[in-house]
Amino acid sequence: MAITSRLFSGLMLALIFSCASAKKHFPEFALWINRTQEMPESYVGKQDGHPCGEVAIIQTDRIPEYEPGARLQPEQVHEVDAEGEVLRTWVTPVDAEPLAIAGTRLYVRLHHDTYVIGLDRSIEVADLPQKRMESINPECAVPSTLNMGAYGVCHVFQDVVSGANRSLVYSMICS
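Residues numbered from 1 in each chain as written. Predicted model: local features only at pLDDT ≥ 70, side-chain atom pairs only at ≥ 80, totals over all residues. Heavy atoms only, no water.

**Thoughts on the environment of V161**
Turning to step 1, where the next piece is worked out: Following the sequence through the fold, V161 ends up in the loop between β12 (152-158) and β13 (165-171).
Turning to step 2, where the next piece is worked out: Taking relative accessible area as the criterion, V161 reaches 64% and is therefore assigned exposed.
Turning to step 3, where the next piece is worked out: V161 sits 32 residues away from P129 along the chain, and the two C-alpha atoms are 9.8 Å apart.
Turning to step 4, where the next piece is worked out: Those residues in contact with V161, other than ones at most four positions away along the chain, are A102 and G103. (Helix = DSSP H or I, 4+ residues; strand = E, 2+ residues; numbered from the N terminus. Buried < 20%, exposed > 50% of the residue type's maximum accessible area, 1.4 Å probe, protein only. Contact = heavy atoms within 4.5 Å.)

**A short note on the environment of L168**
Turning to step 1, where the next piece is worked out: By the secondary structure assignment, L168 is in strand β13.
Turning to step 2, where the next piece is worked out: With near-sequence residues (within four places) excluded, L168 lies in contact with V77, H78, E79, W90, I101, L106, V153, C154, H155 and F157.

**Looking at the packing of aromatic side chains**
Turning to step 1, where the next piece is worked out: Using the criterion set out here, one finds one aromatic pair in the structure.
Turning to step 2, where the next piece is worked out: Ring geometry for F29 versus Y115: centroids 5.3 Å apart, planes at 75 degrees, classification edge-to-face. Pair noted here: F29 is in strand β1 (residues 28-33) and Y115 is in strand β9 (residues 113-117), with a separation of 86 residues, a long-range link. For the pair formed by F29 and Y115, the shared burial category is buried. (Phe/Tyr/Trp six-rings, centres within 6.5 Å; stacked < 30°, edge-to-face > 60°.)

**A short note on the state of the cysteines**
Among covalent bonds in proteins, the disulfide is the one between the sulfur atoms of two cysteines.
Turning to step 1, where the next piece is worked out: Scanning the entire structure with this criterion turns up one disulfide.
Turning to step 2, where the next piece is worked out: With its sulfur 2.0 Å from that of its partner, C140 forms a disulfide with C154. An S-S torsion of about -120 degrees defines the bridge between C140 and C154 as left-handed. Taken together, the residues span a long stretch of sequence, with C140 in the loop between β11 (133-134) and β12 and C154 in strand β12 at a distance of 14 residues. (Disulfide = S-S within 2.5 Å.)

Structural data, given as structure tokens:
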């Protein structure tokens, strides 16, 4: 009995250790590199060329916060009201294209995959909601206060949860 109990305890410890040491695999995302700042010491990713600038490739389940002047910069998607005031902002990887909005969750296409992004900067692989719809006649303008440049667009999306029209301002994918 003592041998069986020790064997079981040993197996349980091995299982616990293997689960604790297993690394979770996160998808790779690109962020813009700001050359005027030093790379953070914690950054261990790689750099890559992009048609519109240089990007850093990172693996994470939480997109870094947007901070003006920081070395690594995510894109931003802003929800605005009829007067152009920002209601909320999501950070996204470079080249993420908004597809749908569901409450506080933003669905984006990145390459050939769909991801959902939360206001807490979480990002995970997701299935696209069955009901998604971009307004046929978007009537919103990019607020000048957002400094979106030549690639800034505003589209009206119908929220897949509430059905309400919501205006999203973001940068188109450059090429």
